[in-house]
Amino acid sequence: MTKVGHQCFILLLCLRVGAIRMISERVKRIQESGTMKMKELAGQKKKEGKKIISFTVGEPDFDTPKHIVEAAKKALDEGKTRYLDAPGLPELREAIAQRAKAENGIPCESSNVLITPTKQAIFETILATINEGDEVLMPNPAWVTYEPCVQLAGGKAVPVTTTEENQFRFTPDDVAELITPKTKMILFNSPSNPCGAVETHEDIKGLADLAKDHNLLVLSDEVYEKILFDGMKHFSIAAEPGMMDRTITISGFSKTYAMTGWRMGWLIAPKPIFKGINKIQQHSITHAVSFAQYGGLAAITGTQEPVKMMVKEFEERRNLIMKLMKEIPSFSCDTPKGAFYVFPRYEGKMNSEEMALYLMDSAEVAMTGGSAFGSAGEKHLRISYATNKKNIQDGMERLKKTLA
Ligand code: GLU
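Residues numbered from 1 in each chain as written. Predicted model: local features only at pLDDT ≥ 70, side-chain atom pairs only at ≥ 80, totals over all residues. Heavy atoms only, no water.

Asker: Tell me about the overall build of the chain, and please be specific about residues and values.
Answerer: A count of helices and strands for the chain gives 14 helices and 14 strands. The C-alpha radius of gyration of the chain comes to 22 Å, within 12% of the 22 Å expected for a compact globule of 404 residues. Dimensions of the chain along its principal axes, counting C-alpha atoms only, are 65 × 60 × 55 Å. For the chain, the residues scored as buried account for 53% of the 404 residues in total. About 18700 Å² of surface is accessible on the chain, with carbon and sulfur atoms providing 54% of the total. When the 52 positive and 50 negative side-chain charges of the chain are each reduced to one mean point, those points stand 5 Å apart. (Helix = DSSP H or I, 4+ residues; strand = E, 2+ residues; numbered from the N terminus. Rg over C-alpha atoms; globule rule 2.2 N^0.38 Å. Buried < 20%, exposed > 50% of the residue type's maximum accessible area, 1.4 Å probe, protein only. Areas by Shrake-Rupley, 256 points an atom, 1.4 Å probe, with all protein chains shown as cover. Lys, Arg positive; Asp, Glu negative; His and termini not counted. Charge placed at Lys NZ, Arg CZ, Asp CG, Glu CD.)

Asker: Residues and numbers for the packing of aromatic side chains, please.
Answerer: Inspection of the entire model under this criterion finds eleven aromatic pairs. Ring centres of F253 and Y257 lie 6.1 Å apart, and the angle between their planes is 40°; on these two criteria the pair is classed as tilted. Ring centres of F253 and W266 lie 5.0 Å apart, and the angle between their planes is 70°; this geometry places the pair in the edge-to-face category. One end of the pair, F253, is in the loop between β7 (247–252) and β8 (265–268); the other, W266, is in strand β8, and 13 residues separate them in sequence. Each of the two residues, F253 as well as W266, counts as buried. Through successive ring pairs, a cluster of aromatic residues spans F62, Y224, F314, F340 and Y341. (Phe/Tyr/Trp six-rings, centres within 6.5 Å; stacked < 30°, edge-to-face > 60°.)

Asker: A description of the site of the ligand should follow, citing residues and the corresponding values.
Answerer: Neighbouring residues of the ligand: T35, M36, V57, G58, K119, W143, N193, Y224, K255, Y341 and R382. Within the backbone of G58, an N or O atom sits 2.7 Å from an oxygen atom of the ligand. Interatomic distance of 2.8 Å between a side-chain N/O atom of R382 and an oxygen atom of the ligand. Protein chains bury 90% of the 280 Å² of accessible surface belonging to the ligand in isolation. With respect to the pocket detection grid, the ligand is positioned in the second largest pocket. Across the shell around the ligand, the residue classes tally to five nonpolar, three polar and three charged. (Near = heavy atom within 4 Å. Polar contact = N/O pair within 3.5 Å; in protein donor to acceptor, adjacent residues only side chain to side chain. 1 Å grid on protein atoms, 1.4 Å probe; cavity = no way out; pocket = protein on both sides within 12 Å on 5 of 7 lines; lining within 4 Å. Sits in = over half its atoms within 2 Å of the grid points. Nonpolar A, V, L, I, M, F, W, Y, C, P; charged D, E, K, R; others polar.)

Asker: Could you give me a rundown of the sheet that holds strand β13 (residues 368–369), with the residues and numbers involved?
Answerer: Spatial strand order, β10-β14-β13: three strands in an open sheet with antiparallel pairing. A single partner strand is all that each edge strand has here, and the edge strands are β10 (341–342) and β13. Sheet topology places β13 next to strand β14 (residues 381–384); two bridges connect them, and they run antiparallel. Following the sheet pairing, G369 is matched in β14 by L381. (Pairing = 2+ DSSP bridges.)

Asker: Residues and numbers for the packing of helix α5 (residues 90–104) against helix α11 (residues 290–301), please.
Answerer: Relative orientation of the contacting elements α5 and α11 amounts to 30°, with a least axis distance of 9 Å. The angle between α5 and α11 falls in the class roughly parallel. The hand of the α5/α11 crossing is left-handed. Contact residues: α5 offers E91, L92, A95, I96 and R99, while α11 offers Q293, G296, L297, I300 and T301. Across the contact of α5 with α11, the residue classes break down as five nonpolar, three polar and two charged. (Axes fitted to C-alpha atoms, helices over the stretch in contact; angles between N-to-C directions. Parallel < 35°, antiparallel > 145°, perpendicular 65-115°, else oblique. Left-handed = near helix turned anticlockwise from the far one by under 90°. Contact = heavy atoms within 4.5 Å.)

Asker: Before we move on, can you summarise the pattern of salt bridges with the specific residues and values?
Answerer: Summed over the entire model, instances satisfying the criterion amount to 24 salt bridges. Where K73 meets E70, a salt bridge forms, and the shortest distance between an N and an O atom there is 3.6 Å. Of the two residues, K73 and E70 are both situated in helix α4 (residues 66–77); the distance of three residues between them amounts to about one turn of the helix. Notably, a salt bridge pairs D230 with K337, separated by 3.6 Å at the nearest N-O pair. Placement of the pair is D230 in the loop between β6 (217–221) and β7 and K337 in the loop between β9 (331–332) and β10, with a sequence separation of 107 residues. A single salt-bridge network, built from bridges that share partners, covers D61, K312, E313, E316, R317 and K389. (Salt bridge = Lys/Arg side-chain N within 4 Å of Asp/Glu carboxyl O.)

Asker: Hey, could you go over the pairing of strand β5 (residues 183–189) for me, with residue numbers and the actual values?
Answerer: Here β5 lies mainly inside the structure; six of its seven residues are buried. Here strand β3 (residues 135–140) runs beside β5; their pairing, made up of three bridges, is parallel. The residue bridging L137 from the neighbouring strand is I186, located in β5. Strand direction decides the pairing type here: β5 and β6, joined by five bridges, are parallel.

Asker: Report on the sheet that holds β3, specifying residues and quantitative values.
Answerer: Reading across the sheet, the seven strands line up as β2-β8-β7-β6-β5-β3-β4 and stay open at both edges, with mixed pairing between neighbours. Each of the sheet's edge strands pairs with one partner strand only, and the pair in question is β2 (113–116) and β4 (156–161). Averaged over neighbouring strand pairs, the angle between their axes works out to 20° when direction is ignored. Note that β6 and β7 share four bridges and pair parallel. When the bridges of β7 are listed, D221 appears paired with I250. Strands β2, β6, β7 and β8 of the sheet are contacted by helix α10 (residues 271–283), whose axis makes an angle of about 25° with β2.

Here's what the structure looks like:
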């Protein structure tokens, strides 16, 4: 090796060692988000000129309803661009508390409500409650972000395998089997991502009993609470007797009101936990974007007709995709009752990540491999059908041809 070559080698080695040391052990423990990764990859392929149909990220294709946009614009025009208190706009906290009481039966006040992006709400809750070594029971498959939040807090995510026979429901019997003295929290999401599973009232009551019997906290992610089909009803676990004191309920604007880019949601927590979460909010994002919260206020207090329209459309799309998937012999899938995902099992040798990449390249259809959601998602694909019917029709046609 020449002298210059040798110096370059040493320099590269130093940079590499430096780079490795710059990353914390905490971050090294977590995986990249499987959903965001596939979304970005699909976007990159589109830029390269590929005609990709994307079923990757769970994002309604509707525009945010006009009255919500107008309210945020008005707030901007009126100079509502300064700091708020960390928990958020008082009127919005009040409106959310009123709605949570009236529609969900949650016995809360505005002082229990904190406005923050939904993902941030999950992260702040876990960071405020989970100690090193605490165990958090959660479904497998589950949304990609729960486990990394627990890992970042030093806790241990304990997967509770949900099965197709039980429509991927997170049943009290399955949960009970995995409770140990280290269990601190039960975390679940109904309707669920990635399976569209909806917990029954019996399930919710059973989970509440387990939490009370074993002195556990519950994190209930209800971000898809309004996206329910076939006349299904939503039940909030915080509404069960004695549960408000041990439950953190999380919901948001993104899915219900087509407000993904606004980065806004909320949590409802009992006072001591609220205080802890608020400290993290003060030291991290301070508060959710001020003028966006006026949009949020219009969403909660204004007409709910756009929500009804969107949910009706999602149900039609669910019916359409279920019908079209039946024409793909290597797919099998139960009918989901909520959210906007289908989670078919496929036959084939490839693992689900390879399968998703193969279908992106050969069918130009993008989706997320099921293993991104946990080991029980292997041999499944997650298809987000929050896109128009033409894309659903064309996408399924492409999959049918490629998989034939
Ligand atoms: N929650 C949506 C999904 O699962 C958005 C992307 C993400 O945050 O993971 O696709």
